[in-house]
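An overview of the molecular structure
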Protein chains: 2
Amino acid sequence: MTRIRRGYGGQALSEYLQARRAEIDAALAHVLPQPPECPDVLSDAMRYSVTAGGKRLRPVLCLASAEAVGGDRAMAMPAACAIELIHTYSLIHDDLPAMDDDTMRRGQPTLHVVAGEGMAILAGDGLLTEAFALLAREPRTADPDVVARKLRVIGAVAAAAGAAGMVGGQAIDLASVTPDPSGRRTPPLDADGIRAMHARKTGALIRASASSGAIMGGGHERAIAAIDAAAAELGLAFQIVDDILDVEGAPADLGKTIGKDAAAGKPTYPALYGIDASRRMAGECLARAEAALAAERLADSRLLEIGRWIIERSN
Amino acid sequence: MTRIRRGYGGQALSEYLQARRAEIDAALAHVLPQPPECPDVLSDAMRYSVTAGGKRLRPVLCLASAEAVGGDRAMAMPAACAIELIHTYSLIHDDLPAMDDDTMRRGQPTLHVVAGEGMAILAGDGLLTEAFALLAREPRTADPDVVARKLRVIGAVAAAAGAAGMVGGQAIDLASVTPDPSGRRTPPLDADGIRAMHARKTGALIRASASSGAIMGGGHERAIAAIDAAAAELGLAFQIVDDILDVEGAPADLGKTIGKDAAAGKPTYPALYGIDASRRMAGECLARAEAALAAERLADSRLLEIGRWIIERSN
C-alpha cells in the first residue's frame with residue numbers, strides 16, 4: 001500500500017497521531033466548563049460525549065495545518081479544541097430521536113439515552129456556545145495581530161458550522177428523509193445534491209479545521225487558501241470512505257450500527273457509484289489535495305499523510 | 001405612577017421603544033441567513049421564530065447602553081441582533097417536547113409544532129451559530145480598537161449564553177423538574193437556588209445585552225461595570241415580574257398559557273413570597289439599578305426608564 005513515512009525525526013504518522021491526540025485530549029479536559037460555575041448535571045453530560053473517544057480528525061488537522069505553515073501548535077490548540085467541541089455537539093444533536101435516532105455512538109450509548117433528551121439538547125447547546133467562548137478567550141494575548149486572527153477564526157468557524165454550512169447540511173439531510181408536520185417532504189437528492197449536502201454537513205467544518213490552524217499558525221494568504229482547498233478534498237474523501245465503511249463494516253472502528261444509512265434510504269456514494277468507483281473517487285480527492293498543497297510547497301507536511309490515512313480506513 | 005419622561009427631544013419612552021424596535025426588526029431581517037446559501041427549509045424555520053414578535057427587550061437594552069456611554073447605536077446593532085438571535089434560539093429549544101413542551105409562544109404555534117422537532121432543534125442551532133458569525137463579521141472594520149471590542153463582546157456573550165450562564169440555568173431548571181433516565185432528580189430549589197438559577201437562565205444574557213452595548217459604544221471600564229451591575233438588577237426585576245404575570249395574567253401581552261409555571265410546580269417568586277412582596281422586591285431591584293447608574297452619572301439615560309417599563313408590566 002502507501003509507504004509508511006518516517007520523516008520528522010523518524011516519527012511515523014501513527015506516532016504523530018497518538019501524540020497529537022494525547023495533547024488534544026488533555027487540552028479538551030482542561031477547557032470543558034467545570035463545577036461550580038457549570039452545574040454538575042450539565043458538566044457530566046458534556047464530558048460524557050467529549051471524552052467518549054473519536055478519531056480527533058478535525059483538531060489533528062488544525063494542529064497539522066498550523067505546523068504546515070511553520071507556526072506553533074500551541075497557538076492553534078484553542079481552535080482545535082473548539083472545533084472538536086462543535087463536532088461533538090453536532091453528533092449529540094444528530095443522534096437525537098427527532099433526528100437520526102441513534103442509540104449507539106463510538107461504541108457507547110448516546111447521550112440522550114443516558115442523560116435524557118432535554119439534557120442532551122442542552123449539552124449540545126452548551127458545547128457549541130463554549131466553543132466560541134474558548135475561541136474568544138484563548139490564546140490569551142492583547143497582541144493586535146493575534147486578536148485579529150482570533151476574530152477571523154471565529155468568523156470562519158461560525159460560517160462553517162452555521163446555516164450555510166453544517167447546520168444547513170443537516171437541515172437538507174433531515175428534510176430529505178423526514179416529512180414536516182404538514183407532510184411536506186423535499187424531493188430525494190440526486191448526485192449533485194448529495195455532494196453539496198455533504199460539503200456543508202461534514203466538509204465545511206473539516207475545511208475550517210485546517211484553515212483555522214493555518215490562520216492561527218500565522219500562514220500567508222496563499223498558504224491558507226491552499227490548505228483550505230486541500231482540506232475540502234480531504235473532507236469529501238472522508239465522507240466517501242465513511243459511506244464505504246457503512247456498507248462494508250469495520251464496526252469496531254466505527255462504533256456504530258453498520259448499514260444504517262443505507263437501510264434508512266439515505267443516498268450514499270457506494271449506492272450511487274458502487275464500491276470500486278467510490279474508492280477511486282476518494283483517491284482522486286487525495287490527488288487533488290496533493291496538487292493544491294504542492295503548488296504552495298506544502299505537500300511535504302503531515303497534511304497529505306493524514307489524507308492517506310483517511311483513505312486507508314476503507315481499504 | 002411613575003412620571004412619563006419627556007427628555008431627549010420630547011420623545012416619550014413608548015416612542016423610543018417603537019423606533020428602536022423598528023430599527024432592530026429591520027436589522028434582524030437583514031442579518032438572517034438567506035437562500036441559496038441557507039437552505040429554504042432552515043431559513044423559513046429561523047425566520048418564523050425571529051419574526052414572531054416579542055418585546056426586543058435585550059436588543060433595546062443593548063442599543064440604549066451604547067447611547068448611555070455616548071456611543072453610536074449603529075456600532076452596537078450587530079451585538080443587539082446577535083443577542084436577539086440567541087434569545088430566540090433559547091426559546092425554540094426551551095419549548096421543545098423534551099424541555100418545557102410548549103405549543104404556543106408569542107401568540108403563535110411554537111416552531112416544533114409547525115416545522116417538526118428536528119427542524120426546530122436545527123433552527124435553534126443555526127440561530128446560535130449565526131449570532132457568533134454576525135458578532136465576528138460586523139461592524140466591518142479593521143480598526144484594532146473595534147476588533148478588540150468585538151472579540152471582548154463575543155467572549156462576554158458566549159459566557160453569558162453558555163454552561164455557566166443561560167444553558168447552565170436551563171440545565172438546573174430541567175433537572176429540578178424532570179428525572180433523568182435512571183430516575184435521578186435533583187432536590188427542589190430553595191429561594192437562593194431559584195435566584196441563582198434565574199441569574200443564569202435569564203439574568204446573564206440581559207446583563208450581556210447591556211454590557212455589550214456599553215463596550216461597543218466605547219464606554220469606559222467604570223461605565224461598563226455600572227451598566228452591567230444595573231442590568232443584573234433589571235434582569236432580576238424582569239424575572240420577578242414574569243413570575244407575577246404568570247399568576248396574574250395579561251395573556252395578550254405574554255402570548256402564552258397563564259399559570260403554566262405554577263401548575264408545573266416550578267418555584268416562582270409569588271409562590272415563595274406572595275404577590276405584594278414580589279412587587280416590592282422588583283421595585284427594590286430598580287432602586288439598586290438606579291444607584292449603580294447614578295454613581296457613574298448614567299441615571300439620566302434611557303436605561304432606568306426601560307427598568308421602570310419592566311416593572312410597570314406587572315402593575
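Take the overall build of chain A next. The number of helices and strands found in chain A is 15 helices and two strands. With the principal axes as the frame, chain A shows a C-alpha extent of 55 × 55 × 30 Å. Here chain A holds 315 residues, and 55% of them are scored as buried.

Before going further, it helps to examine the interface of chain B and chain A. Each partner contributes to the interface: chain B provides 53 residues, whereas chain A provides 53 residues. At the level of elements, α2 (40-50), α5 (111-115), α6 (117-137), α7 (144-161) and α8 (166-177) of chain B are the ones that each hand at least two residues to the side of chain B that touches chain A. The class makeup of the residues in the side of chain B that touches chain A is 35 nonpolar, eleven polar and seven charged.

Our focus in this paragraph is the relation of the copies chain B and chain A. Superposition record for chain B on chain A: RMSD 0.0 Å, screw rotation 180 degrees, translation along axis 0.0 Å. The symmetry that links the two subunits is that of a two-fold axis.

Looking now at helix α9 (residues 191-216) of chain B. Residue and element names in this part refer to chain B. An ideal rise of 1.5 Å per residue puts 38 Å on 26 residues; α9 measures up with 35 Å between its terminal C-alpha atoms. In the structure, α9 departs most strongly from a straight axis at G203, where the bend amounts to approximately 50 degrees. Where burial is concerned, most of α9 is hidden: 20 out of the 26 residues are buried. Positive phi appears at G218, one or two residues downstream of α9, with a value of about 80 degrees.

We now examine the packing of helix α4 (residues 73-94) of chain B against α6(B). All names here are of chain B. It is the contact of α4 with α6, at a shortest axis distance of 8 Å, that shows an interaxial angle of 165 degrees. Relative to α6, α4 is oriented roughly antiparallel. As α4 runs across α6, the sense of the crossing is left-handed. Only A120, A123, G124, L127, L128, E130, A131, L134 and L135 of α6 make contact with α4, whose side of the interface consists of P78, A79, C81, A82, L85, I86, T88, Y89, I92 and H93. For the contact of α4 with α6, the class distribution of residues is 15 nonpolar, three polar and one charged.

The next thing to look at is the confidence of the model for chain A. Residue and element names in this part refer to chain A. The predicted model of chain A has a mean per-residue pLDDT of 91, with 91% of residues at 70 or higher. In the predicted structure, residues 1-7 sits below a pLDDT of 50 and forms nine contacts with residues beyond four places in sequence or in another chain. Across the assembled chains, the prediction reports ipTM 0.94 with pTM 0.94.

Moving on: the environment of A232(B). Residues and elements named next belong to chain B. Take A232: it is sitting in helix α10 (residues 221-248). With 21 C-beta atoms counted inside 10 Å, the residue A232 sits in the buried group. Separated by 26 residues in the primary sequence, A232 and I206 have C-alpha atoms spaced 7.2 Å apart. Excluding anything up to four places from it in sequence, A232 contacts G203 and R207.

Moving on: the environment of A291(A). Its location among the elements puts A291(A) in helix α14 (residues 275-295). Sequence spacing of A291(A) and D102(A) is 189 residues, and the spatial spacing of their C-alpha atoms is 38 Å.

This brings us to the environment of G71(A). Residues and elements named next belong to chain A. Structurally, G71 can be placed in the loop between α3 (57-68) and α4 (73-94). Taking the number of C-beta atoms within 10 Å as the measure of exposure, G71 has 20 and is therefore buried. When near neighbours in sequence (up to four residues on either side) are disregarded, G71 contacts A66, A76, M216, G217, G218 and G219.

Conventions we followed
Residues numbered from 1 in each chain as written. Chains lettered and ligands numbered in written order. Predicted model: local features only at pLDDT ≥ 70, side-chain atom pairs only at ≥ 80, totals over all residues. Helix = DSSP H or I, 4+ residues; strand = E, 2+ residues; numbered from the N terminus. Buried ≥ 20, exposed ≤ 12 C-beta atoms within 10 Å, placed from the backbone. Contact = placed C-beta atoms within 7 Å. Nonpolar A, V, L, I, M, F, W, Y, C, P; charged D, E, K, R; others polar. Least-squares fit on C-alpha atoms with pLDDT ≥ 70 in both. Expected span 1.5 Å × (residues − 1). Bend = angle between axes of the 7 residues up to and from the residue. Axes fitted to C-alpha atoms, helices over the stretch in contact; angles between N-to-C directions. Parallel < 35°, antiparallel > 145°, perpendicular 65-115°, else oblique. Left-handed = near helix turned anticlockwise from the far one by under 90°. pLDDT = per-residue confidence, 0-100.

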